[in-house]
Amino acid sequence: MGVVYKLKDEVLQFIIQQKKDIPSLGVRQLAGLVSTKFHLQVSKSSVSNVLKGAHLSSGVGRRATQDRKQKKFKIPTQKKKEISEHMQKMALGREPVLSKATISEKPVEHMAPSAEPVEEVLANEDESEILEKEILVVPPVPSEKSPGIEAADPLREVSSLPPTQSSKDVFYQHVREIQARRVAQQGKLYQGLGCIFLKAAEWEGNQHPWDQLFAQESGALSDNFSGTFSALAIEAFLTKEGASRKDMFKEGIFVLNDLDPAAPQAQHRFDQIAGLVIPEPVVWEYTDHLQQFFAQADLFRWELEDATEFYTDPGATFLDEQVSSGGLAFPLNKALTILSREIISNNHPLILCQAPGQQAIDACFDDFLGAFEGHSNKSIVALTVLNEHQEEVAMFNIIPRRRRNFICGLWPHLKEFKELTKTVKWAAKQPFYVEHADRIVYSAATQTDYFASHLSENPRPMRLLTLWNDEQAEPCMSILCNDMDIEPQKILDLYTTRWPYLERPALFKEAGEPLPLIQNADQHHSLESLAGKFGDILHQYCLRKFFPSYRRLPSASLIENIYEMPGYVIKTPQSYQILLKTKGNAENRLEELKDAVQRLNEHGIETGDGKKVSILII
């Protein structure tokens, strides 16, 4: 019997249990499963020895030819049911395309089946050998959907493939499928879709209760009144600024607000609402809502039990023991939501863009670690929200004492980076597709005890993911997570969804000028006039947040170069993606456009129903 070296008992038991659960698994599939779960490269011979020791394997080598009889490999009824259910989830509707590539490390129950599951396979080999055939089943590209119909999410399996060389062919094929689906889901090219920046500004400030505010005046027009009002606000701004081709914006404006640009009733409702006259009390209430739109939170001040203090910005771009500027300021309502979700209740891990320090990790990171590990002398006793003048606008001093989860970026300029990543050369790299940036990176998962000495009590190992832009290049960054129960691919997905560009951030500094005060409106205004004020606000917000380079230019320049850009809309249950198509004079300022897109994507903007908003330039 062979001897098994250096395999922990939990690995041995995992191999044995997997073989018992799915007897048809071969040694290559089992080795792949071990690699995925434990991030440990195990040879086929080692797996074979484990199986022999557990009396779960026959002797090495194939049986003699005369002993090998033709037999039928039957898929059990329960397995066929699982395959069928999986096929439906994957929305397979046609005969799949077959391509030669290895998925031997992929569990059998996760293999995408053909449109009609095969009940029997005539074979001259063992069942385990049949399952190790080099076959890739590629889900078909769906047919083009009509505008307004939500498309299924692109395949997410690309983020969870086993980190083996043979699976990379599968990975690249899946990426091509995602990109092909994106093309298929584009649908119609809409003019004026560059107004997504104005709509994103509204989402950033949270949707306002237009339906409730104007309920009495809107009456029977309340069906999607908020969307119509938002469209009216953007068009009113463009009209005031003298946009020469107003009609070209109508498609984009309507689509962004869930209105059908081709429906006569939508235009009729639009015109009716524009002419409504609003009484003075409602005008004053409306003005108050606009003023709240510019209420900003610039900093969170953390106070710990041992009287230590440090600061973060609402966007979690930095951590500092001093008051800092240049981070992401958010509207107050959004900042309070982040504070509750990611820090106080920690229902979602705090995703910090980068560890503090220019050359080495600052000492305040130890305080941060202690606070998140829930140490007795480092528990959070107060969290204060500060505005741009460092004035307190909100304070929370009843903070649950608990351990919290975080994910944090680490960069090569830190002297600790080399120490943290010194063991990565033994870890397997696997590709990962960053969908929001349409790029591929490579990652290797390890764990580190480096910060154990920094913790005063209950030190724990942490998960470390090292990333490369190119397999042959030096690492570009690492991602640290204090929760060992989160799968590495999930960590990478969470971090890159929040920070898709994976470069040291340089675009957080805003224009610096205060956002304008809103003057009270006169006694009687048409709704179109009031909407125009909101359109002005959205534009000013865009100048500060997304287009600081346009601050000194006439508004017509931004309208011509950006807002009138054509593009496509892709909606899925989880995301709202805009594909902007560069054209003509927009290409002359392509770098400004790329910066604006990066700024918007890094703001973590969500629609009113919680979909992640992102932009790609095509």
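So, a few notes on the structure that sits alongside this text. Along each chain, residue indices are assigned from 1 in the same order as the chain's sequence is written. Under the rules for a predicted model, residues below a pLDDT of 70 receive no local features and side-chain atom pairs below 80 are neither given nor counted, while totals for whole chains, interfaces and linings still include all residues. Hydrogens and water molecules were not included; the side-chain quantities draw on all heavy atoms of the structure.

**Points about the overall build of the chain**
Point 1. Helix numbers and strand numbers start at the N terminus; a helix is a DSSP run of H or I with at least 4 residues, a strand a run of E with at least 2. On a plain count of helices and strands, the chain comes out with 20 helices and 22 strands.
Point 2. When contacts within the chain are restricted to residue pairs at least 6 apart in sequence, long-range pairs at least 24 apart make up 73% of them. Here a residue-residue contact requires only that any non-hydrogen atoms of the pair lie within 4.5 Å.

**Quick notes on the sheet that holds strand β21 (residues 575–580)**
Point 1. Pairing between two strands is assigned when DSSP locates at least 2 bridges connecting them. Spatial ordering of the open sheet is given by β20-β21-β22, a layout of 3 strands whose pairing is mixed. Taken across any chain shown, the strands that pair with only one partner, and hence form the sheet edges, are β20 (567–571) and β22 (612–617). Adjacent strand axes in the sheet meet at a mean angle of 15°, parallel and antiparallel pairs treated alike.
Point 2. The pairing of β21 with β22 spans 6 bridges and is classified as parallel. To get an axis, a line is fitted to the C-alpha atoms, and for a helix only the part in contact is used. The angle between two axes follows their N-to-C directions and goes from 0 to 180 degrees.

**Focus: helix α7 (residues 196–204)**
Point 1. When you tally the buried positions in α7, you get 9 out of 9 residues, the bulk of the element.
Point 2. Backbone geometry just downstream of α7 places Asn-206 in the positive-phi region, at approximately 70°. Exposure is judged per residue with a 1.4 Å probe applied to protein chains only, and the accessible area is read against the type maximum: over 50% gives exposed, under 20% gives buried, and values in between give partly exposed.

**Things to note about the pairing of strand β12 (residues 380–386)**
Point 1. With 6 of 7 residues buried, β12 lies mostly within the body of the structure.
Point 2. Bridge count between β12 and strand β13 (residues 392–396): 4 bridges; the pairing is antiparallel. Residue pairing for β13: Thr-384 is matched across the bridge by Met-395.
Point 3. Where β12 folds back onto β13 in an antiparallel hairpin, the turn is made up of 5 residues, including Gln-390, whose phi is positive at roughly 60°.

**A word on the pairing of strand β16 (residues 439–448)**
Point 1. Buried residues dominate β16, accounting for 8 of its 10 residues.
Point 2. Turn length for the strand β15 (residues 430–434)-β16 hairpin, with the two strands adjacent in sequence and antiparallel, is 4 residues, and the turn residue Asp-438 shows positive phi of about 50°.
Point 3. With 7 bridges joining them, β16 and strand β17 (residues 462–468) adopt antiparallel strand pairing. Within β17, the position partnered with Thr-446 by the bridge is Leu-464.

**As for the pattern of salt bridges**
Point 1. When a carboxyl oxygen of Asp or Glu is within 4 Å of a side-chain nitrogen of Lys or Arg, the pair counts as a salt bridge. A full pass over the atoms with the stated rule returns 17 salt bridges.
Point 2. Linking Lys-422 and Glu-419 is a salt bridge whose minimum nitrogen-to-oxygen distance equals 2.9 Å.
Point 3. Among the residues examined, Lys-422 registers a relative accessible area of 48% and is labelled partly exposed.
Point 4. For Glu-419, a relative accessible area of 38% puts it in the partly exposed group.
Point 5. Among the charged side chains, a salt-bridge network with shared partners connects Arg-301, Glu-303 and Glu-392.

**A short note on the packing of α7 against helix α18 (residues 527–545)**
Point 1. One can describe the packing of α7 onto α18 by two numbers: an axis separation of 9 Å at closest approach and a directional angle of 95°. The orientation of α7 with respect to α18, classified from their angle, is roughly perpendicular. Seen from α7, the contacting residues are Phe-197, Leu-198, Ala-201, Glu-202 and Glu-204; seen from α18, they are Phe-534, Leu-538, His-539, Tyr-541 and Cys-542.
Point 2. Lys, Arg, Asp and Glu make up the charged group, whereas Ala, Val, Leu, Ile, Met, Phe, Trp, Tyr, Cys and Pro make up the nonpolar group; the residues left over, Gly among them, are polar. Among the residues making up the contact of α7 with α18, the classes are represented as 7 nonpolar, 1 polar and 2 charged. Each angle is binned into one of four classes, with values under 35 degrees roughly parallel, values over 145 roughly antiparallel, values of 65 to 115 roughly perpendicular, and all other values oblique.

**So, the packing of helix α1 (residues 9–21) against helix α3 (residues 44–53)**
Point 1. Axis separation between α1 and α3 bottoms out at 10 Å; the angle between their running directions is 70°. Relative to α3, α1 is oriented roughly perpendicular. When α1 is examined against α3, the residues Leu-12, Ile-15, Ile-16 and Lys-19 are found in contact with a partner set consisting of Val-47, Val-50 and Leu-51.
Point 2. Considered class by class, the residues forming the contact of α1 with α3 number 6 nonpolar, no polar and 1 charged.

**Some remarks on the packing of aromatic side chains**
Point 1. Each Phe, Tyr or Trp ring, with Trp reduced to its six-membered ring, pairs with another whose centre is within 6.5 Å; inter-plane angles below 30 degrees give stacked pairs, above 60 give edge-to-face pairs, and intermediate values give tilted ones. Counted by the stated rule, this structure contains 19 aromatic pairs.
Point 2. Measuring from centroid to centroid gives 6.4 Å for Phe-237 and Tyr-563, while their planes differ by 75°, and the two rings are edge-to-face. Of the two residues, Phe-237 sits in helix α10 (residues 225–240) while Tyr-563 sits in helix α19 (residues 555–563), which places them 326 residues apart along the sequence. Tyr-563 shares its class with Phe-237; the two are buried.
Point 3. Every member of this aromatic cluster is reached through a ring pair, and the members are Trp-302, Phe-310, Phe-365, Phe-368, Phe-372, Phe-406, Tyr-450 and Phe-451.
Point 4. Whether a charge lies above a ring is judged from NZ of Lys or CZ of Arg, which has to be within 6 Å of the ring centre and within 35 degrees of the ring normal. A cation sits over an aromatic face here: Lys-429 above Trp-468, 4.4 Å from the ring centre.

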